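# Examining the three-dimensional arrangement
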Amino acid sequence: MAAISLMMATSVNAQKVLNESTTPFEESKFYVGASLSGLTLNYSKASEWSFGLSAKAGYLFLDNWMVLGVFDYQNYSSGYAVTTNIGAGVRYFFERNGIFVGLTPKYSHQPGIDEFKPEVNVGYAFFLGHYVTLEPELYYEQSFRNSKYSQFGLRLGFGVYF
């Protein structure tokens, strides 16, 4: 009888561990997010300061893999005016820990200037609740038109996974 009780307890515990081992970044989840950059959180040789807003929407097509659409708005102090970017990319999450890397090719538009600007980023999705995350992110955006328009910086954002 003790052996049966021990086997049942082990089975229940194994099932509990199995259920808890699902990743928060599992296939078929949707994502929406918004972030803030600039305010001396980024650096570009073309500008002293900038202010940026970013909106994102994504879908986890496989566990830990997200396809992502991005719209950015940037306002710079000098060098060039308001810039808008639109892009699509991928993000990979390293299992359950929330660390991610991403690649997002973007089409960048300023008055009179259009260019392709790929971006690489690394960040952390820190869950504040079951669905909401705080997402600090380091990024580098490469300009092929002129290297002084390339920039790197920090974004602070929120995301919702549902």
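Residues numbered from 1 in each chain as written. Predicted model: local features only at pLDDT ≥ 70, side-chain atom pairs only at ≥ 80, totals over all residues. Heavy atoms only, no water.

### Re the packing of aromatic side chains
One pass over the structure, following the stated rule, counts 13 aromatic pairs. The interplanar angle of 50° and the centroid separation of 4.9 Å between the aromatic rings of Phe30 and Tyr59 together place this pair among those described as tilted. Of this pair, Phe30 sits in strand S1 (residues 30-38) while Tyr59 sits in strand S3 (residues 50-62), and the two are 29 residues apart along the sequence. One aromatic cluster is present, formed by Phe25, Tyr31, Phe93, Phe100, Phe127 and Tyr161 through successive ring pairs. The aromatic ring of Tyr31 is capped on one face by Arg91, whose charged end is 5.3 Å from the ring centroid. Stacked on the ring of Tyr139, the Lys or Arg Arg155 has its end atom at 4.0 Å from the ring centre. (Phe/Tyr/Trp six-rings, centres within 6.5 Å; stacked < 30°, edge-to-face > 60°. Helix = DSSP H or I, 4+ residues; strand = E, 2+ residues; numbered from the N terminus. Lys NZ or Arg CZ within 6 Å of the ring centre and 35° of its normal.)

### Remarks on the environment of Ser108
Mapped onto the fold, Ser108 is located in strand S6 (residues 99-110). Ser108 sits in the buried class, given a relative accessible area of 1%. The spatial distance from the C-alpha of Ser108 to the C-alpha of Phe71 is 10.0 Å, given a sequence separation of 37 residues. Once residues lying within four places of it in the same chain are set aside, the contact partners of Ser108 are Thr83, Thr84, Asn85, Ile113, Asp114, Glu115 and Lys117. Within the structure, the side chain of Ser108 is placed 2.9 Å from the side chain of Asn85, a separation counted as a polar contact. (Buried < 20%, exposed > 50% of the residue type's maximum accessible area, 1.4 Å probe, protein only. Contact = heavy atoms within 4.5 Å. Polar contact = N/O pair within 3.5 Å; in protein donor to acceptor, adjacent residues only side chain to side chain.)

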